[in-house]
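Results of the structural survey
Listed below, chain by chain, are the residues.
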Amino acid sequence: MGRVDGKVAIVTGGASGIGRATAALLAREGARVVVADRNLAGARQVAKEIGERGGQALAQWVDIAEESAVEALVAAAVERFGAVHVLHNNAALTDAGQHAADQDLVEMRVEDWDRSMAVNLRGAMLCCKHALPPMLGAGGGSIVNTASNQALSGDLTQFAYAAAKAGLIQLARSVATAYGRRGIRCNVVSPGLIRTPASEAACTPEMMDAIVEHNLVPRAGEPDDMAHAVLFLASDESAFITGQVLCVDGGQLAHLPHYGHLVRTGSTTTSRAVGESAE
Ligand SMILES: NC(=O)c1ccc[n+]([C@@H]2O[C@H](COP(=O)([O-])OP(=O)(O)OC[C@H]3O[C@@H](n4cnc5c(N)ncnc54)[C@H](O)[C@@H]3O)[C@@H](O)[C@H]2O)c1
């Protein structure tokens, strides 16, 4: 028996990276999955692969920034599979153009800020807005927002992205609070560095190594690491967990900032106390 048998799940950004792995895992664990993406060819490929492994999936084009497209996505899910029980709000602007536009606050163009908010934050709100009625009609459901560790700590760039992702965390708490008594849970997964087409395009191998230096689990994350966390939060195994942020980051945010330097130099914060005198 699968861990999400009988459930219908919508995964936005399901054509690539984390969304692709999550759609595949949810299907393997018994869910009927709507693979939703603005990259329809990619979504179709993922749905095809799920079908070839004996699962059930529907590929659906969506631009989550557009309310009419989100409405059509939810309608397509209900028409094909009869219900919605799980929503993974995973799509975000991860392309090089958006990264380039979000480098420096003084140089920030209002339209680039607004585009980031429209996709990365408003998109998830619209998906919640339109998925909640069928979820409530089905007696409840689980929503999982994909944020980022950049929503939890400062960085040198990605001002709009980080602010939008922080908004997703509060959106999750608000949804969890307002609809909890009616059977809706809403949680957040916060990725550290996960090896996907987006992160591999954005980070040089040197930058990847520099980030991994601060992971307590000494590797980058894989899309399946995220998919397993989403599966748990989507399933009834997490029935008593709502309004929470789960960092899936190899421990990147679990330690003090000097950790990487100390490991590299083989020292500790108390080196002087245990071995050296002050003179
Ligand atoms: N990979 C990482 O290291 C990392 C770190 C922190 C957060 N995240 C977050 O994880 C999520 C997935 O990232 P990924 O690395 O798998 O990226 P990815 O680029 O591989 O996948 C993102 C998908 O979202 C789709 N998409 C983009 N805009 C869309 C829109 N307006 N409507 C519908 N679909 C749209 C893209 O077509 C793509 O298929 C994103 O929310 C990202 O911000 C990733």
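Cut-off values and rules
- Residues numbered from 1 in each chain as written.
- Predicted model: local features only at pLDDT ≥ 70, side-chain atom pairs only at ≥ 80, totals over all residues.
- Heavy atoms only, no water.
- Near = heavy atom within 4 Å.
- Polar contact = N/O pair within 3.5 Å; in protein donor to acceptor, adjacent residues only side chain to side chain.
- Helix = DSSP H or I, 4+ residues; strand = E, 2+ residues; numbered from the N terminus.
- Nonpolar A, V, L, I, M, F, W, Y, C, P; charged D, E, K, R; others polar.
- Expected span 1.5 Å × (residues − 1).
- Buried < 20%, exposed > 50% of the residue type's maximum accessible area, 1.4 Å probe, protein only.
- Contact = heavy atoms within 4.5 Å.
- Salt bridge = Lys/Arg side-chain N within 4 Å of Asp/Glu carboxyl O.
- Pairing = 2+ DSSP bridges.
- Axes fitted to C-alpha atoms, helices over the stretch in contact; angles between N-to-C directions.
- Core = buried A, V, L, I, M, F, W, Y, C linked by side-chain atoms within 4.5 Å.
- Lys, Arg positive; Asp, Glu negative; His and termini not counted.

**Some thoughts on the site of the ligand**
Near the ligand, the surroundings consist of 29 residues, among which S16, D37, T94, Y161 and T196 are the closest. Contacts to the ligand include I64, whose backbone N or O atom sits 3.1 Å from a nitrogen atom. At a separation of 2.7 Å, an oxygen atom of the ligand approaches a polar side-chain atom of K165. Broken down by secondary-structure element, the contributors of at least two residues to the shell around the ligand are α1 (17-28), α6 (159-179) and α7 (197-202). When residues of the shell around the ligand are assigned to their parent elements, the largest contribution, 3 residues, is made by α7. Looking at the shell around the ligand residue by residue, the classes come out as 14 nonpolar, 11 polar and 4 charged.

**Examining α1**
Under the 1.5 Å per step criterion, the end-to-end length of α1 is 17 Å for 12 residues, consistent within 8% with the ideal 16 Å. Along α1, 10 of the 12 residues are buried, which leaves the element largely enclosed by surrounding structure. Of the residues flanking the end of α1, it is G30, one or two places downstream, whose phi is positive at about 105°.

**Comments concerning the environment of H88**
Mapping H88 onto the fold places it in strand β4 (residues 86-89). H88 sits 83 residues away from L171 along the chain, and the two C-alpha atoms are 14 Å apart. Sequence-distant contacts of H88, defined by excluding residues within four places in its chain, comprise I10, V11, T12, I18, T22, V144, T146 and V230. Engagement of the side chain of H88 in a polar contact is seen with the side chain of T146, the distance being 2.7 Å.

**Let's talk about the pattern of salt bridges**
In this structure the tally under the stated criterion is 12 salt bridges. Its salt-bridge partner being E67, residue K129 comes within 2.7 Å of it at the nearest N-O pair. Taken together, the residues K129 in helix α5 (residues 110-137) and E67 in helix α3 (residues 67-81) connect sequence positions 62 residues apart. With a relative accessible area of 44%, K129 lands in the partly exposed category. For R109, the salt bridge identified is with D112, shortest N-O distance 2.9 Å. Accessibility expressed as a relative area gives 45% for R109, which makes it partly exposed. Each of R109, E111 and D112 takes part in one network of salt bridges that share partners.

**Concerning the sheet that holds strand β5 (residues 141-146)**
In space, the 7 strands of this open sheet follow the order β3-β2-β1-β4-β5-β6-β7, with parallel pairing throughout. Two strands in the sheet have a free side with no partner beyond their single neighbour: β3 (56-61) and β7 (245-248). Sheet twist, expressed as the average angle between the axes of neighbouring strands with direction ignored, equals 20°. Bridging between strand β1 (residues 8-12) and strand β2 (residues 32-37) involves 5 bridges; their strand directions are parallel. The residue bridging V11 from the neighbouring strand is V35, located in β2. Each of β2 and β3 touches helix α2 (residues 40-52); the most contacted strand, β3, lies at about 175° to it.

**Structural notes on the nonpolar core**
I10, V34, V62, V84, L87, I143 and V175 are the most contacted members of the largest nonpolar core, which has 39 residues in total. For this core, the leading source of residues is α5, giving 9 residues. In this structure, V62 is in contact with A36, D37, R38, A69, V70 and L73, ignoring residues within four places of it in sequence. Of all hydrophobic cores here, the second largest spans 22 residues; its members include A21, V46, A57 and A234.

**Notes on helix α9 (residues 223-234)**
A rise of 1.5 Å per residue sets the reference length of α9, with its 12 residues, at 16 Å; its end C-alpha atoms lie 16 Å apart and thus fit the reference within 8%. Next to the buried residues of α9 lie α1, β4, β5, β6 (184-191) and β7.

**Concerning the side chain of E29**
Of note, E29 is situated in the loop between α1 and β2. Of the side chains with opposite charge, R3 comes closest to the buried, unpaired E29, at an N-O distance of 4.9 Å. Side-chain polar atoms of E29 contact the backbone nitrogen of R3, separated by 3.0 Å. Those residues in contact with E29 that lie beyond four places of it in its chain are G2, R3, V4, D5 and L231.

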